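Single-letter residue listing:
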Amino acid sequence: MTLLLVPVWAPVITAVVLLFLPARVRRVFIGLSLVPVGAVAVALLAGMDLGGQVTVFASAFQQQTGVSFLSFSLHPIGGIALLGFTMVIPLGMLFGLEVSTKDQQAVALCALAGAAGVALADNFLTFLFFWEVLSITSATMIFLRRTEQAVKMAYRVLFLQLLGGLALTVGIVLHYHATGSFAMTAPAAGLPFFIAGIGVKAAFLPLHVWVPWGYPVAPFSASVLLAALCTKAGVFAVARILPASEGIALMGALMAIVAVSFALVQHDMRRLLSVHIVSQVGYMVAAIGLGNYYGVDGGLLHMANNMVYKALLFMCAGAVLYCTGTEDLHQLHHPPKGEEGPPLWRSLPLVTVGAVVGALAIAGTPLFNGYISKYLIKNASYGVEPVETILLVAGVGTALSFTKFIYFGFYKAQARVLRPPRTTMTVAIMISAAACVLFGVYPQALQVLLPHQTALNVYSLQGIFVSLQVIAVAVGVFALMKNILERGIHAPQWANGLAQIAAGTAHSAATGTVHLLDYITGGMQQLVSGAGDLSFKAIFRMFQKLDYQPGESRFFRFINVRNLEFDVMLVIVIFGVLAVWYLFMTLEIQIIHTNPF
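Just so it is clear, the structure is predicted and the values come from calculations on it, not from any experiment. (Residues numbered from 1 in each chain as written. Predicted model: local features only at pLDDT ≥ 70, side-chain atom pairs only at ≥ 80, totals over all residues. Heavy atoms only, no water.)

**Remarks on the overall build of the chain**
A count of helices and strands for the chain gives 26 helices and 2 strands. Relative to its full complement of 597 residues, the chain shows a buried share of 54%. A separation threshold of at least 6 residues defines the contact pool for the chain, and within that pool the share at least 24 residues apart is 79%. Accessible area for the chain stands at about 25300 Å²; split by element, carbon and sulfur atoms hold 67% of it. (Helix = DSSP H or I, 4+ residues; strand = E, 2+ residues; numbered from the N terminus. Buried < 20%, exposed > 50% of the residue type's maximum accessible area, 1.4 Å probe, protein only. Contact = heavy atoms within 4.5 Å. Areas by Shrake-Rupley, 256 points an atom, 1.4 Å probe, with all protein chains shown as cover.)

Next comes the structure, spelled out in structure tokens:
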């Protein structure tokens, strides 16, 4: 077997065998079986040749038509994606080695095979097969938590993923009808179906909803793996199949700013990280959509870097959940009376170090891997409005949200640690954190895998200053807003306003009218502000009533308009029609009529 096929077939074989092994033997077997997968990552970094095109199960049909059902090769765009999959998924498996069940481990290995198959596919048939394998296994990973919420969300995720797969299938059929070939090229026909099908997995607005639905309710060890799989396969497909355009770039920018806005108001660790995945994927999509060398290389490099630091952040959130029993930032900061402990950064020092490294990386701090790819993306978007401005604002939001994540989740957290993290958890966190630093200090290690071989000489005074400036603004804003972001019970502002007006009137009646205007002005300001707050709460409660309510039949328990969450409804209403219209107008999509005979 050529080294090219190792990440496809080795996980599948391992998944089948481990189902019949006892727990201790199973863990050792998984560790040993992932060594060849990790060896593929090392070979990619070393610039080794993994082999040429490989066709599996050649048949007479393949010889007559030239169409092979399973055909693999390493495209220049696929190398960086394959590196991410073969490096991060073994680390995720190591993290959950002692806490995940054999079913979860087997499905995760099959998901790795699906992602690797997508990155190595040589034609649309192979691509579609592994695309659907990844869809099914990802939904199954959520399902295997087996809580009522997880099962419900797994079915939703599966429904959307298969719907996207159906759209992609239609696009491939139209492409084949127009060209007579399944070769993976830019679509000659059916482009709207390709956009819809790939857009589901790449979390285009408003098709992104499955990410915040599914990722936070999966087993915490599975969330680590999901962070590096589905959406990253979608980003690879955007770069590999879709033509670059302003519409794609604007879609990415909207993803970045909309998702980071919603991430700021989340108080559940994994939900915050899940919503933020959409924002980070937006950076990748925007860069690739710009189509220049900086953009394509920067977007793909950001994809690989994001796999590492996002998996690291999910590991740290999972470790906190495992050790304290909660991942709610409010509960971590304000545990029930009598259940307080020392600050979490003291109780879980290595987990805290990993979280800080991940936060610095995702914020684009110099000497961390996120800075490298963000530098390329900034150069790619320079002078391209409104994409440049939107991504800049999203960068401030990113740094702000992860300042909140670290401050409330670790620095100020006082929840009692019920049990220490497993050794494999700590080891996986430390290796991932080291990778974030290594690829930040020595980014040239990844240059060989970039399709355009863009030079990674990114440490300039201007680049460092701009990055630190964005982070400084975010920290400053957080210092002003941290009391607002922290949950507390306070008297309504409108009541304070009325009280101030009443007190001012009484005081003026007793001592004169000199200060009456000041009292009334201050009171009116609080009254107006409080009325606005009440209006917001009323709207929020209205949307809350739209949240999940079971239907009467089995079908309407799954498909129910009232199941739409507040953020989902808001995004669909505001951005849905606008995004679709802009994509169609910018890409100049035309319906191609062909004679089927």
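**A short note on unusual backbone geometry**
In this structure, the amide linkage connecting leucine 205 to the following residue, proline 206, adopts the cis form with an omega of -5°. With respect to the element layout, proline 206 can be found in the loop between α8 (191–201) and α9 (210–214).

**Observations concerning α8**
Burial analysis of α8 places 8 of its 11 residues in the buried class, the great majority of the element. If you check which residues of α8 are buried, you get Leu191, Phe194, Ile195, Gly197, Ile198, Gly199, Val200 and Lys201. Positive phi shows up at alanine 203, right after α8, with a value of about 65°.

**Examining helix α20 (residues 423–441)**
Over its 19 residues, α20 extends 27 Å from the first C-alpha to the last, a length consistent with the 27 Å expected when each residue adds 1.5 Å. Thr424, Met425, Thr426, Ala428, Ile429, Ser432, Ala433, Ala435, Cys436, Phe439 and Gly440 are the residues of α20 that are buried. (Expected span 1.5 Å × (residues − 1).)

**Concerning the layout of surface pockets**
Of the volumes computed, that of the second largest pocket is approximately 510 Å³. Taken together, 21 residues form the lining of the second largest pocket, with Lys378, Asn379, Glu388, Leu392 and Val466 sitting closest to its centre. Elements that contribute at least two residues to the lining of the second largest pocket include exactly α18 (369–381), α19 (387–411) and α22 (461–485). Of the residues in the lining of the second largest pocket, the class split is 10 nonpolar, 8 polar and 3 charged. (1 Å grid on protein atoms, 1.4 Å probe; cavity = no way out; pocket = protein on both sides within 12 Å on 5 of 7 lines; lining within 4 Å. Points joined across faces, edges and corners; volume = space filled by probe spheres on them. Nonpolar A, V, L, I, M, F, W, Y, C, P; charged D, E, K, R; others polar.)

**Digging into the packing of helix α14 (residues 293–324) against α18**
Contact pair α14 / α18: the axes reach a minimum separation of 8 Å and the direction vectors enclose 155°. Relative to α18, α14 is oriented roughly antiparallel. Along this stretch, α14 crosses α18, giving a crossing that reads as left-handed. In this structure, α14 uses Tyr294, Gly295, Asp297, Gly298, Gly299, Leu301, His302, Asn305, Val308 and Tyr309 to contact α18, whose residues at the interface are Asn369, Gly370, Ile372, Ser373, Lys374, Leu376, Ile377, Asn379 and Ala380. Taken together, the residues of the contact of α14 with α18 sort by class into 8 nonpolar, 9 polar and 2 charged. (Axes fitted to C-alpha atoms, helices over the stretch in contact; angles between N-to-C directions. Parallel < 35°, antiparallel > 145°, perpendicular 65-115°, else oblique. Left-handed = near helix turned anticlockwise from the far one by under 90°.)

**Points about empty space enclosed by the protein**
If you walk through the whole model with that rule in mind, you get 2 cavities of 30 Å³ or more. Looking at the largest cavity, its volume works out to about 110 Å³. Surrounding the largest cavity, 13 residues form its lining, Met93, Ser100, Gln105, Ser221 and Leu225 being those nearest its centre. Among the secondary structure elements, those contributing two or more residues to the lining of the largest cavity are α4 (78–95), α5 (102–120) and α10 (220–226).

**Quick notes on the nonpolar core**
Membership of the largest hydrophobic core comes to 190 residues, with the highest contact counts inside it found for Phe72, Phe85, Phe127, Phe204, Met303, Phe405 and Phe410. Counting residues per element, this core draws most heavily on α14, at 20 residues. (Core = buried A, V, L, I, M, F, W, Y, C linked by side-chain atoms within 4.5 Å.)

**Observations regarding the side chain of serine 245**
Inspection of the secondary structure puts serine 245 in the loop between α11 (230–240) and α12 (246–264). The class of serine 245 is buried, set by a relative accessible area of 11%.

**A look at the packing of aromatic side chains**
All chains considered together, the criterion is met by 17 aromatic pairs. Between phenylalanine 143 and tyrosine 155 the ring centres are 6.1 Å apart and the planes differ by 80°, which places this aromatic pair in the edge-to-face class. One end of the pair, phenylalanine 143, is in helix α6 (residues 124–143); the other, tyrosine 155, is in helix α7 (residues 148–179), and 12 residues separate them in sequence. When its relative accessible area of 29% is taken as the criterion, phenylalanine 143 is described as partly exposed. Residue tyrosine 155 is classed as partly exposed on the basis of its relative accessible area of 43%. The interplanar angle of 85° and the centroid separation of 5.1 Å between the aromatic rings of tyrosine 407 and phenylalanine 408 together place this pair among those described as edge-to-face. Like phenylalanine 408, tyrosine 407 is buried. It is arginine 156 that lies over the ring of tryptophan 213; its NZ or CZ is 4.6 Å from the centre. Above the face of the tryptophan 131 ring, lysine 201 is positioned so that its terminal group lies 4.7 Å from the ring centre. (Phe/Tyr/Trp six-rings, centres within 6.5 Å; stacked < 30°, edge-to-face > 60°. Lys NZ or Arg CZ within 6 Å of the ring centre and 35° of its normal.)

**What about the pattern of salt bridges?**
Once their charged atoms are close, side chains differing in charge can pair, the charge on each being opposite to the other. Counting across every chain of the model gives 3 salt bridges. The shortest N-O distance in the salt bridge between aspartate 103 and arginine 146 comes to 3.9 Å. Here aspartate 103 is found in helix α5, whereas its partner arginine 146 is found in the loop between α6 and α7, with 43 residues between them in sequence. Owing to a relative accessible area of 51%, arginine 146 belongs among the exposed residues under this scheme. (Salt bridge = Lys/Arg side-chain N within 4 Å of Asp/Glu carboxyl O.)

**Considering the environment of proline 421**
As for its placement among the helices and strands, proline 421 is situated in the loop between α19 and α20. For the pair proline 421 and leucine 350, spaced 71 residues apart in sequence, the C-alpha separation works out to 9.8 Å.

**So, a nonpolar patch on the surface**
On the surface, Phe159, Leu163, Leu166, Val170, Leu174 and Phe193 cluster together into a nonpolar patch covering about 500 Å² of accessible area. Sort the elements by how many residues they give to the nonpolar patch and α7 lands first, with 5 residues. (Patch = residues over 30% accessible without salt bridge, like charges linked within 9 Å, V, L, I, M, F, W, Y side chains within 5 Å.)

**Digging into the environment of glycine 338**
Along the chain, the position of glycine 338 falls in the loop between α15 (329–333) and α16 (344–347). Residue glycine 338 is classed as partly exposed on the basis of its relative accessible area, which comes to 48%.

**Some words on the environment of phenylalanine 410**
Among the secondary structure elements, phenylalanine 410 is positioned in helix α19. Classification of phenylalanine 410 as buried rests on a relative accessible area of 0%. With residues near it in sequence (within four places) discarded, phenylalanine 410 still touches Met269, Cys316, Val320, Pro343, Leu344, Trp345, Val351, Thr352, Ala355 and Phe405.

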